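# Per-entry structural report
So you can see what is in the structure, the chains are spelled out below.
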Amino acid sequence: DYVIDYQNAGFDDTIAQQIAQNFSANNVALMCGIATNSATACYAAAEDKNIPVIFTAITDPVKAKLDSGNITGTSDKLPIEEQLKLIRALQPDAKTIGILYTTSEPNSVSAVEEYQAKAPEYGFTIEAIGVMQQSEVLQAADTMISKGVDVLCVNMVDAKAASGVVEKASAAGIPTIFFNREPDTEVIKSYDKACFIGTNAIDAGKMQGDIIKELWDAHPEYDLNGDGKVQYVMFQGEPDNPEAIARTQYSVEQATANGLTMEQVGETQVCNWDTETAQKAMEAMLAANEGKIELVIANNDGMAIGCVAALSNIGYNTGAEGASFIPVIGVDATDAAKDAIAKGQMSATVLQDGDAMGKAIAAAALNAASGAEFLDGTEYTYDDTGIAVRIPYAPYTGE
Ligand code: CA
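This write-up is about the structure you can find in this document. Just so it is clear, the structure is predicted and the values come from calculations on it, not from any experiment. (Residues numbered from 1 in each chain as written. Predicted model: local features only at pLDDT ≥ 70, side-chain atom pairs only at ≥ 80, totals over all residues. Heavy atoms only, no water.)

## Some details on the packing of helix α8 (residues 201-218) against helix α9 (residues 242-257)
Relative orientation of the contacting elements α8 and α9 amounts to 35 degrees, with a least axis distance of 7 Å. Handedness of the crossing formed by α8 with α9: right-handed. Only E243, A246, R247, Y250, S251, Q254 and A255 of α9 make contact with α8, whose side of the interface consists of A201, I202, A204, G205, K206, Q208, G209, D210 and I212. Grouping the amino acids of the contact of α8 with α9 by side-chain chemistry returns seven nonpolar, five polar and four charged. (Axes fitted to C-alpha atoms, helices over the stretch in contact; angles between N-to-C directions. Helix = DSSP H or I, 4+ residues; strand = E, 2+ residues; numbered from the N terminus. Left-handed = near helix turned anticlockwise from the far one by under 90°. Contact = heavy atoms within 4.5 Å. Nonpolar A, V, L, I, M, F, W, Y, C, P; charged D, E, K, R; others polar.)

Quick look at the structure:
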């Protein structure tokens, strides 16, 4: 019998320290820190009261100085040796592996050190380039190009900076695969050896619309007022973000196309993808409209989790047998959302299939490295832009 106080520090050291100190001031029984900066903050705040700390998602706890005192946890060390074997099997003639890493992240630093230590056993040398911010990624790309890499695979921190990468890569004639964050289509089209592998923002919204239809067919009791319409509230990521706008629009359009009548309660709540902001907004929505809300649609799981917290604070969605329940749907399939779905506090989320994206990138990169077209002999096709491969989303309902 315990209560979890979940706080997100957004990888900000100062916020992590404030949260940990609040935990300590509240005399919590145990602190869990996910990733190095949160765990370090918990450890520092817990020390004088000897509150036990559990960490997770840390590659090298000894290097992060989390190896003494009332602390334990799990490491998410990369299978580096297996990766080296795999690269050798795929590329029998390869000599050099380029690695871009973040110098401020101890996990990245220790992973690179291990690559460097093990690479000679497999006949590789490692070209490691540390970066601290977006502007340095461009310089790093320059360095990679000058060292003669065969293909560039780039996930832009800021997609608007892609034209700089294209300029450098095209001058050197190096094929370039952008993935995940999507640069402007015209920028990719400007270089005949560039492509994009990612998802389609519209599809995540449509997937939510399909999930809503399935939920409504399976659960007539969700229509609380029995008027045959779906009274929903909408939580949007950012006001101007194309991905957020698409999810907001197409979730409702798709549910409507599926034959449901959608009726929005209140204004769209713009909560910048943030859990706490969404929780506060949902609390206000519930105070004004309790009993009138039949569905919560959120652009991401972060905000969906905030809504679940607001609901469970007033006795809804607690996961307990017989508790009132309002369906909540997010996007991303984060661990927190999967956990809430498993506990019966949330209905569904939409999964971006990272493994499928990784396979597509690897297939296209191997082709490009051997001088072939990106998609030659693969199962992938371009969409109507002619330069983008879209990896489909999948619904996640915990089943
Ligand atoms: Ca209704």
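From this point on, the discussion continues.
## Examining helix α2 (residues 36-46)
Among the 11 residues of α2, nine are classified as buried, and the element is accordingly described as predominantly covered. Listing the buried residues of α2 in full gives T36, N37, S38, A39, A41, C42, Y43, A45 and A46. (Buried < 20%, exposed > 50% of the residue type's maximum accessible area, 1.4 Å probe, protein only.)

## A few points about a nonpolar patch on the surface
Judged by side-chain polarity, Y2, I4 and Y6 come together as a nonpolar surface patch covering roughly 410 Å² of accessible area. Along the polypeptide, Y2 turns up in the segment before α1 (13-25). Classification of Y2 as exposed rests on a relative accessible area of 68%. (Patch = residues over 30% accessible without salt bridge, like charges linked within 9 Å, V, L, I, M, F, W, Y side chains within 5 Å. Areas by Shrake-Rupley, 256 points an atom, 1.4 Å probe, with all protein chains shown as cover. Salt bridge = Lys/Arg side-chain N within 4 Å of Asp/Glu carboxyl O.)

## Regarding the coordination of the calcium ion
Every protein donor of the calcium ion is listed here as D223 (OD), N225 (OD1), D227 (OD), K229 (O), Q231 (OE1), E294 (OE) and E294 (OE), and their distances to the metal cover 2.3 to 2.5 Å. We note that the donor set of the calcium ion lies within a single chain, spaced as D-x1-N-x1-D-x1-K-x1-Q-x62-E. Residue N225 is located in the loop between α8 and β9 (230-236), and its partner E294 is located in the loop between α10 (275-289) and β12 (295-298); the two are separated by 69 residues in the primary sequence. (Donors = N, O, S within 2.8 Å, 3.2 Å for Na, K, Ca; no water.)

## Overview of the sheet that holds strand β8 (residues 194-198)
The strand order across the open sheet built from four strands is β6-β7-β8-β15, with neighbouring strands paired in parallel fashion. Since the sheet does not close on itself, it has two edges, and those belong to β6 (152-154) and β15 (388-390), each with one partner. Across the sheet, the mean angle separating the axes of adjacent strands is 20 degrees when strand polarity is ignored. As paired strands, β8 and β15 are joined by three bridges and run parallel to one another. Following the sheet pairing, G198 is matched in β15 by R390. Docked against the sheet, helix α6 (residues 162-172) engages β6 and β7 (176-179), running at close to 165 degrees with respect to β7. Strands β6, β7 and β8 of the sheet are contacted by helix α13 (residues 354-369), whose axis makes an angle of about 160 degrees with β8. (Pairing = 2+ DSSP bridges.)

## Section: the sheet that holds strand β3 (residues 71-75)
Pairing within the open sheet is parallel, and its three strands lie in the order β1-β2-β3. Taken across any chain shown, the strands that pair with only one partner, and hence form the sheet edges, are β1 (31-34) and β3. Neighbour to neighbour, the strand axes of the sheet diverge by 15 degrees on average, direction disregarded. Where strand β2 (residues 53-58) and β3 come together, four bridges link them in parallel fashion. From the neighbouring strand, I54 faces β3, where its bridge partner is T72. Running at roughly 150 degrees to β1, α2 makes contact with β1, β2 and β3 of the sheet.

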